[in-house]
Every structure is written in structure tokens, then in C-alpha cells.
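Results of the structural survey
Take a look at the letters that make up each chain.
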Amino acid sequence: VQLQAFGGGLVQAGGSLRLSCAASGRTFSSYRMGWFRQAPGKEREFVAAISKSGGLTYYADSVKGRFTISRDNAKTTVYLQMNSLKPEDTAVYYCVATYRIIYSNLGVPTSWHYWGQGTQVTVSS
């Protein structure tokens, strides 16, 4: 599966952005989807994940209550709605996909087999 993320940009603290990730292929509904981010000088960090049907979602503690992941299998797209943004949310955000993963490995980058090119999110204070 090929992934293309877009929707990043510059926003003031407290603002909102919605990232989208368009996936190629007719088997999109077979993949678990997620988002990671990487800030300058830091390791890649798990942000959120969603099950194949969209019925289960998982979030990093740092974004819980502010970010919402969702998917539209008919449009082969996954979204990340980001509200109440903070300067520490500044990072390159990557869309990820995997066919199979166990819960305890959601935050392990190497457990996700497909990565998009990333989109920059910058939150000014």
C-alpha cells in the first residue's frame, strides 16, 4: 500500500488542523492505520492508531482528548483531527499502515510496515 499524507501547516497554539492520508490499493480495509510524528532531534513518536473497521482507536497520552483518528474505508483515507494544538506538537507527521500488529507493539515504529512521506505541522506560541 502506498500512503500520501497532507494537510499540515502553520497554526497558532490552541488552533486546529486536520491531516489526511490517502492510501492506494483496493485492500485498504485490511490494514490497521496510524500516525507517528518526529520532532527535530527526537525519535519518532507514536500518536494514534485505528483498527481495520475503525471501531477501535488508540492514542498516546500526550494527545489523548485533543486528537481524533478516524478512517473512511470507502475513500481509502485515514484522518487525524488535531485540536487544542500546542507548540510541543510541532513535528513531521507520518501516516503508517500494517497488515497485522499486536497491541503492545503499537508504539514501535518497526512494527508498522508502510510509511508515507510525512507532512510538517508547526504550532507557534
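The model shown is predicted, which means the values in this text are computed figures rather than measured ones.

1. Observations concerning unusual backbone geometry
Of note, T76 is a non-glycine position whose phi angle comes to about 45°, a positive value. Within the fold, T76 resides in the loop between β7 (67-72) and β8 (77-82).

2. A look at the pairing of strand β5 (residues 45-50)
Of all six residues in β5, five are buried, a share of seventy percent or more. The sheet contact formed by strand β4 (residues 32-38) and β5 spans five bridges and is antiparallel. Paired with M33 across the two strands is I50, which belongs to β5. Where β4 folds back onto β5 in an antiparallel hairpin, the turn is made up of six residues, including G41, whose phi is positive at roughly 80°. Here three bridges tie β5 to strand β6 (residues 57-59), and the two strands are oriented antiparallel to one another. Residue pairing in the sheet places I50 in a bridge with T57 of β6.

3. Observations regarding the nonpolar core
One broad rule of soluble globular proteins: the nonpolar side chains tend to lie buried together. Counting 37 residues, the largest nonpolar core has M33, W35, L80, M82 and Y93 as its most contacted members. Those elements that provide at least two residues to this core are β1 (3-6), β3 (17-23), β4, β5, β7, β8, β9 (91-98) and β11 (119-124).

4. Side note on the side chain of R66
Its place among the elements puts R66 in the loop between β6 and β7. Within the local environment of R66, its side chain forms a polar contact with the side chain of D89, the two groups lying 2.7 Å apart.

5. Focus: the pattern of salt bridges
In the structure shown here, the tally under the stated rule is four salt bridges. Note that R37 is salt-bridged to E45, the shortest N-O span being 2.8 Å. The class of E45 is partly exposed, set by a relative accessible area of 33%. Between D61 and K64 there is a salt bridge whose closest N-O contact spans 3.2 Å. Neither D61 nor K64 differs from the other in exposure class; each is exposed. Counted as one network, the salt bridges with shared partners bring together R37, E45, R66 and D89.

Definitions and limits used
- Residues numbered from 1 in each chain as written.
- Predicted model: local features only at pLDDT ≥ 70, side-chain atom pairs only at ≥ 80, totals over all residues.
- Heavy atoms only, no water.
- Helix = DSSP H or I, 4+ residues; strand = E, 2+ residues; numbered from the N terminus.
- Buried < 20%, exposed > 50% of the residue type's maximum accessible area, 1.4 Å probe, protein only.
- Pairing = 2+ DSSP bridges.
- Core = buried A, V, L, I, M, F, W, Y, C linked by side-chain atoms within 4.5 Å.
- Polar contact = N/O pair within 3.5 Å; in protein donor to acceptor, adjacent residues only side chain to side chain.
- Salt bridge = Lys/Arg side-chain N within 4 Å of Asp/Glu carboxyl O.

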